[in-house]
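Fold and geometry: a report
Residues per chain, in single letters:
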Amino acid sequence: MGLRIFNVLGREKQDFVPLEEGRVGMYVCGPTVYDHAHLGHAKTYVSFDVVVRYLRYSGYHVLYVQNLTDVGHMLETGEDRVLRKARQLQAKPMQIVETYARSYFEDMDALNVTRPDISPRASGHIPEQIDMIETLIARGHAYVVNGSVYFDVTSDPDYGKLSNRRLDEQEEGTREEVRGEKRHPADFALWKRAEAEHILRWKSPWGEGFPGWHIECSAMARKYLGVTFDIHGGGVDNIYPHNENEIAQSECANDAQFARYWMLVGSLTVDGVKMSKSLGNFLTIKDALARYRPEVVRMFAISAHYSSPADYSDENLNAVKGGWERLYNTVTLVRQQMQRAPHSDDGGGFAARIAQARADFLAMMDDDFGTPRAIATLQDFTRDVNTLLNSGTTVGMPTLQAIEAVYNELGGDVLGIIPTVSTLRDERSAARERALIELLIAMRAQARAAKNYAESDRIRDELAKLGIILEDRADGTVWKVE
């Protein structure tokens, strides 16, 4: 039947037909890099990673763009998130951006999330944003007030079509500045004048200032994907105002449809309340990875349908951990038996079961990327594989290779939750390396305690030759790779 996607724009499941046969342009709103990513980010970006992986597995050439917001994302107080963090840490704004951008990609790499093809930053695309704002002003969709530029929502008869919000239902702005400058309460900033103390500022036709949050995505999506592209992804909590405003400004500037399919990920909750930094009820990805294997955290992120909310608890994560271990143990058993399997095969007709597992998995994924049911098909398949391996039937290399291919391709290439043999070898090698270094550090500590400083220095110097630098601190010795 082919892939069908629930398109939030229209509120219905639709056949996926890309603009260009065999090619997909996809834009996903990325994080604002002012703090470490939390499990809510894992749910969003693992979900879209699976979308990209499945599209590529299905034969599409995907151009995946995911931005990084480093300016213009304002708090309710009117403060820029990056600037507030910089003040708190007494750091430069771009120090904050670089620190947390690296942290974000470290987390995504750990979760086996494929890097986007392009990761543009808002601050690196100021000319494109200014150009789009000038077009909107020229077309009567925006107006200038005291060095700031606002989009006129009443100029767009389709405004509200994604979130189904009516203009007469919008609440008035709460700050005097907003209420005094804007013609309509729902008008939004395309460009904001920079006050004297505002560090992030650029020259513009309207004076020194900085872009609003929404315009960055419209400008960068157009630059890299064109005025119309296939899939736009994001979090459901940003449907209004962010996504709604993206559509309005893009379609008014370009006289063309913006994104054809809108996919929005459901929130991650804690006891039914959305996980967020502002509420303080969040668990960072780094904290989660300290407790669970990356594959378990990743499987938790896709254990609910991407569009549905998921509730975090240790109980829920442990349940996912048990399910992943059952899959992984069977994969390990298959790989072990491949080491000594005969070349002849009496798989007991298991080829039909393998084909059925593939067909069932693909059917689930073709139905709006149904990862929970796709995982369930792998779990059902795993029970049958275990039955086969414990049945006393001679299972030869052809059947074992076909079984492993199901796990490698569907569980590995598509879902990203089954590690490859080479990955496991790398993990074991790294673990052995860490253990050996820690052993040498302990031996050096014993030498120092015995006042055998020559031996202590020899161990330190030999490690240094290997690029491993020791640093003695009050709380013990730490090491790093140079």
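Keep in mind it's a predicted model, so treat the numbers as computed, not measured.

**Here we look at the packing of aromatic side chains**
- Inspection of the entire model under this criterion finds 15 aromatic pairs.
- Between tyrosine 45 and tyrosine 104, the aromatic rings sit 5.6 Å apart at their centres with planes inclined by 80 degrees, giving edge-to-face as the arrangement. Of this pair, tyrosine 45 sits in helix 1 (residues 39–57) while tyrosine 104 is found in helix 3 (residues 93–110), placing the two residues 59 residues apart along the sequence. Take tyrosine 45 and tyrosine 104: they sit in the same class, and that class is buried.
- Their ring planes at 50 degrees and their centres at 5.6 Å tell us that phenylalanine 381 and tyrosine 407 sit as a pair that is tilted. Of this pair, phenylalanine 381 sits in helix 12 (residues 371–389) while tyrosine 407 sits in helix 13 (residues 397–414), placing them 26 residues apart in sequence. The exposure classification of phenylalanine 381 matches that of tyrosine 407, with both residues buried.
- Among the aromatic residues, those joined into a cluster by ring pairs are Tyr27, Phe229, Phe258 and Trp262.
- Seen from the ring of tyrosine 143, arginine 183 lies directly overhead, with NZ or CZ sitting 3.9 Å from the centre.

**Examining the sheet that holds strand 8 (residues 209–211)**
- As summarised here, the arrangement of the 4 strands in space is 5-6-7-8, forming an open sheet in which the pairing is antiparallel. Across the chains shown, the open sheet's two edge strands, defined by having one partner strand only, are strand 5 (142–145) and strand 8. On average, adjacent strands in this sheet sit at an angle of 20 degrees to one another, irrespective of strand direction.
- When strand 6 (residues 148–151) meets strand 7 (residues 188–193), the two strands line up antiparallel, connected through 3 bridges. The partner of valine 149 across the bridge, within strand 7, is tryptophan 191.

Calculation notes
- Residues numbered from 1 in each chain as written.
- Predicted model: local features only at pLDDT ≥ 70, side-chain atom pairs only at ≥ 80, totals over all residues.
- Heavy atoms only, no water.
- Phe/Tyr/Trp six-rings, centres within 6.5 Å; stacked < 30°, edge-to-face > 60°.
- Helix = DSSP H or I, 4+ residues; strand = E, 2+ residues; numbered from the N terminus.
- Buried < 20%, exposed > 50% of the residue type's maximum accessible area, 1.4 Å probe, protein only.
- Lys NZ or Arg CZ within 6 Å of the ring centre and 35° of its normal.
- Pairing = 2+ DSSP bridges.
- Axes fitted to C-alpha atoms, helices over the stretch in contact; angles between N-to-C directions.

Any functional reading would require information beyond the geometric quantities listed.
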